Amino acid sequence: MPLALGIPTDDEFQVFVPMMFEAMGGRSEFVNAVWPDGHTKEGQEMSVQRFLFLKQIDPSTRWSKVTDTDTGEILGVAQWNVYEDAKPQEMIVDGPPGTWKNDDEKEFAQEIFKSFMEERWKFIRENDLPIIALNIMTVAPKHQYQGVGTLLQKWGTDLADKIGATCIVEATVEGRWLYEKGGFVVQRHHLLEVPQKFQGRQQQRIFFMTRPRRS
Ligand SMILES: CC(C)(COP(=O)(O)OP(=O)(O)OC[C@H]1O[C@@H](n2cnc3c(N)ncnc32)[C@H](O)[C@@H]1OP(=O)(O)O)[C@@H](O)C(=O)NCCC(=O)NCCS
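Overview of the structure.

Criteria and thresholds
Residues numbered from 1 in each chain as written. Predicted model: local features only at pLDDT ≥ 70, side-chain atom pairs only at ≥ 80, totals over all residues. Heavy atoms only, no water. Buried < 20%, exposed > 50% of the residue type's maximum accessible area, 1.4 Å probe, protein only. Helix = DSSP H or I, 4+ residues; strand = E, 2+ residues; numbered from the N terminus. Pairing = 2+ DSSP bridges. Near = heavy atom within 4 Å. Polar contact = N/O pair within 3.5 Å; in protein donor to acceptor, adjacent residues only side chain to side chain. Areas by Shrake-Rupley, 256 points an atom, 1.4 Å probe, with all protein chains shown as cover. Nonpolar A, V, L, I, M, F, W, Y, C, P; charged D, E, K, R; others polar. Contact = heavy atoms within 4.5 Å.

## Considerations on the pairing of strand E7 (residues 205-211)
For E7, a buried count of six out of seven residues is recorded, marking the element as mostly surrounded by other parts of the structure. As paired elements, strand E5 (residues 166-171) and E7 share five bridges and run antiparallel to each other. Within E7, the residue paired with Cys 167 across the bridge is Arg 211.

## Some details on the site of the ligand
Near the ligand lie 22 residues; those nearest to it are Tyr 145, Gly 147, Gly 149, Thr 150 and Lys 181. Within the side chain of Thr 172, one N or O atom sits 2.8 Å away from an oxygen atom of the ligand. Contacts to the ligand include Lys 181, whose side-chain N or O atom sits 2.4 Å from an oxygen atom. Here the ligand loses 76% of its free accessible area of 930 Å² to cover by the protein chains. Secondary structure elements with two or more residues in the shell around the ligand: helix H1 (13-24), strand E4 (131-139), helix H5 (148-163), E5 and helix H6 (173-181). It is H6 that provides the largest number of residues to the shell around the ligand, a total of six residues. Looking at side-chain class alone, the shell around the ligand contains 10 nonpolar, eight polar and four charged residues.

## Structural notes on the side chain of Gln 153
Along the chain, Gln 153 falls in helix H5. Residue class for Gln 153 comes out buried when judged on its relative accessible area of 4%. In this structure, Gln 153 is in contact with Trp 80, Met 137, Leu 178, Tyr 179, Gly 182 and Phe 184, ignoring residues within four places of it in sequence.

Here is the structure:
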């Protein structure tokens, strides 16, 4: 299968966002909370609009895609934030009205987001730029284990090596193996923490990983 790396257009978000949720398969409580209803058309459309909005307002945002050049199909996408000159503000996730079905769901999303971001914010506070953070890495289930994730990762690590950046990622159990092959090292693994009132929900383990700068 001939693979090519590229940059997705805004129109292509409609095409690949459903694939992203299919790849995550509802297994990440963080994704389920912060990007709700990804298994429905309405939830996917809401996420498309939020991704495009964030891309527009945050100049550090970079998306990459891998396409099968025979069919034109998008097989995988990744999203990175490249911080070269300015550190990001530590902002809690938010969304337009209707993103969450009630205040409780929004509070849960914001709490799990804070726990997810804790290590990242600390790392960015304590370390020099440039830093590249990997936020999203998804490959269509029927095209996994064929090198797509490796190619998507290479886009970011090649850029990191070019500009002398450290890379960071909060990996799922599945993503961890891919990143270790790309030179990332696990710094901490932990369960995301939420207030007592949300204790009944599915727990999620993440691996905070860093890849040292090569300069
Ligand atoms: C994680 C993911 C992006 C990997 O993409 P992929 O295209 O299947 O990865 P590749 O084919 O490039 O495989 C990379 C290497 O990691 C290994 N690997 C991938 N997943 C693995 C797993 N669960 N266990 C052990 N090894 C694994 C592969 O064997 C491969 O090693 P090799 O090059 O020696 O053969 C993909 O499985 C996915 O989308 N998962 C669901 C979403 C997710 O969890 N994303 C990560 C968010 S942090």
